Amino acid sequence: MRVLDMTRLAPGPYGSMLLADLGAEVIAVGGGRSGLPVPALSRGKEFVTLDLKTGEGRAVLQRMVAESDVLMEGFRPGVADRIGAGYAELSEINPRLVYCSVTGYGQTGPWAQRAGHDINYLAVGGALGTFGPPGGPPVPPLNLVADFAGGGLLAAFGVVGALYEREHSGRGQYIDAAMVDGVLSMMGMNLADWGGPSLPRRGEGVLAGTHPAYRCYACADGRYVAVGALENAFFTNLWQALELGPVPDHMDPEEFATIEVRLTESFRQCTMAEWAEFFSGIDACVTPVLEPHELAGSDQIAQRYPDSPTRSVPAVPQYSRTPAAAGPTETADSTARVLARFGIGDEDARKAIGSSTPDAVRGLRWPPI
């Protein structure tokens, strides 16, 4: 499968990286400094510079589309149409094209043209209002939920679904992948629970971080352990391992204060590393809270991904016959080499690049360091 990726920032490039990990040929198509790739999400891709403000640049894009399976773009609604890269025009050239637009609010609705970031999509999708402590402001979980999960991951899932459907119908189609929609989808269980005993309000509830059996506790060295002992068996193992006496009913709100005090006092007696070792053979759902620079030292992660550098994520999921594989990360502009595969010579390539970026013409790395 050949994927043309015209997206920017994080969601789209993450989605196309997932497709590259699964074996797709991914060509990132950009123009000038507005099209610089995200290095951490660039593995397994090649980079082409086109000036779509020129007829030559649009002609080259159309030629590439004719021989491709997927196009991803992340412009505001209507922009792709204005630069000759919209679905209506390109699907005439290639009716089998799967075309995916990755945006924050989608192609329709009164907010379609608004700018936003992960925190805004979380807010509008109802998720941000559930994050953070009861007495403080909502706290976004980095940009993991809307950008990467609701945006890039679900966009890639939509592309794969459309490609599968194409095997039956022979036709491509348009995918409107909105990050707010992705957030809403992932909120399915929590929307149903909102206002009830398990999620009565922000920062409170079984999974919100305040339940004494499902939260983090400080250790003697100031680090933390994560406790997820919700089920009776796990909580019993936890309580008995700590030798805290008769096991209380950890789901009884009247016991919460006592349980929290006892667990708080217990976990402050040892360091995080000592607790990690102590609970390594106890089925109580207690784990150390690792920071990113510590992942390479995790025996679990190191065993499953021995070749994954500390600052690179593994190719997932793991297949039995056709494993995903992380390709090389090369962000140099490779316009001439890639266009040659489409039968486009050097002169036409230079015209298509135009004045989009002098870096590509001089052969400098993209982005410049």
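Given the structure is predicted, the values throughout are model-derived calculations rather than measurements. Starting from 1, residues in each chain are numbered consecutively following that chain's sequence as written. A pLDDT threshold of at least 70 governs which residues receive local features in this predicted model, and a stricter bar of 80 or more applies before side-chain atom pairs are shown or counted, although totals over entire chains, interfaces and linings include all residues. Note: side-chain values were computed over all heavy atoms of the structure, leaving out hydrogens and water.

Engineer: Any chance you could break down the overall build of the protein chain for me, citing the residues and the numbers?
Structural biologist: Where helices and strands are cited, they refer to DSSP runs of H or I of at least four residues and of E of at least two residues respectively, numbered from the N terminus. Counting its secondary structure elements, the protein chain contains 15 helices and nine strands. Principal axes of the C-alpha set define a box for the protein chain whose edges measure 80 × 45 × 40 Å. Any residue under 20% of the maximum accessible area for its type is buried, any over 50% is exposed, and the rest in between are partly exposed; the area is computed with a 1.4 Å probe on protein chains only. Every one of the 369 residues in the protein chain was classed for burial, and the buried ones make up 41%. Per-residue accessibility takes into account occlusion by the displayed protein chains alone, with areas from the Shrake-Rupley method and a 1.4 Å probe. Of the roughly 19,100 Å² of accessible surface on the protein chain, 56% is carried by carbon and sulfur atoms. For the purpose of counting charges, residues Lys and Arg are taken to be positive, whereas Asp and Glu are taken to be negative. His and the chain ends are not included. For this purpose, a charge sits on NZ of Lys, CZ of Arg, CG of Asp or CD of Glu. Of the side chains in the protein chain, 29 bear a positive and 42 a negative charge, and the two mean positions are spaced by 9 Å.

Engineer: Residue-level account of the pairing of strand 3 (residues 45-49), with values.
Structural biologist: Among the five residues of strand 3, five are classified as buried, and the element is accordingly described as predominantly covered. Burial along strand 3 is two-sided: Lys45, Phe47 and Thr49 facing one way and Glu46 and Val48 facing the other are all buried.

Engineer: Quick one: what's the story with the environment of Gly15, residue by residue and with numbers?
Structural biologist: Inspection of the secondary structure puts Gly15 in helix 1 (residues 11-21). By relative accessible area, Gly15 is classed as buried at 0%. The spacing of Gly15 and Ala149 is 134 residues in sequence and 9.3 Å in space, taken between C-alpha atoms. Two residues qualify as a contact provided that any one of their heavy atoms is within 4.5 Å of a heavy atom in the partner residue. Leaving out residues up to four positions away in the same chain, Gly15 has contacts with Gly152 and Ala156.

Engineer: Got a sec to walk through the sheet that holds strand 8 (residues 224-228)? Specific residues and values, please.
Structural biologist: Strand order in the open sheet formed by three strands is 7-8-9, with antiparallel pairing between adjacent strands. In this open sheet, the two edge strands, each paired with only one partner strand, are strand 7 (214-218) and strand 9 (286-288). Neighbouring strand axes in the sheet, compared pairwise and without regard to direction, differ in orientation by 25 degrees on average. In this description, strands pair whenever DSSP reports at least two bridges between them. Looking at chain direction, strand 7 and strand 8 are connected through five bridges and run antiparallel. Every axis in this analysis is a line fitted to C-alpha atoms, fitted for helices over the stretch in contact. Angles between the N-to-C directions lie between 0 and 180 degrees.

Engineer: Which residues make up helix 1, and what are the values?
Structural biologist: The periodicity of an α-helix, 3.6 residues per turn, causes residues three or four places apart in sequence to face the same way. Counting buried residues in helix 1 gives eleven out of eleven residues, a clear majority hidden from the surface. Listed in full, the buried residues belonging to helix 1 are Pro11, Gly12, Pro13, Tyr14, Gly15, Ser16, Met17, Leu18, Leu19, Ala20 and Asp21. Once helix 1 finishes, Gly23 follows within two positions and takes phi at roughly 110 degrees, a positive value.

Engineer: Lay out a nonpolar patch on the surface with the relevant residues and their values.
Structural biologist: On the surface, Met189, Leu207 and Tyr214 cluster together into a nonpolar patch covering about 290 Å² of accessible area. Mapping Tyr214 onto the fold places it in strand 7. Its relative accessible area of 32% is what places Tyr214 among the partly exposed residues. Candidates for patches are residues over 30% relative accessible area with no salt bridge; among them, like charges are joined within 9 Å and nonpolar side chains (Val, Leu, Ile, Met, Phe, Trp, Tyr) within 5 Å. Every case where a carboxyl oxygen of Asp or Glu lies within 4 Å of a side-chain nitrogen of Lys or Arg is listed as a salt bridge.

Engineer: Describe in detail the packing of helix 9 (residues 232-241) against helix 10 (residues 256-267), supporting the description with residues and values.
Structural biologist: For the pair helix 9 and helix 10, interaxial distance at closest approach is 11 Å and the crossing angle is 50 degrees. Between helix 9 and helix 10, the interaxial angle falls into the category oblique. Seen along the crossing, helix 9 lies across helix 10 with a hand that is left-handed. For the pair formed by helix 9 and helix 10, the contact residues are Phe235, Leu238 and Trp239 on the first element and Ile259, Arg262, Leu263 and Phe267 on the second. Note on terminology: angles under 35 degrees are roughly parallel, angles over 145 are roughly antiparallel, angles of 65 to 115 are roughly perpendicular, and the others are oblique. Here a crossing is called left-handed whenever its near helix is offset anticlockwise from the far helix by less than a right angle, and right-handed whenever the offset is clockwise.

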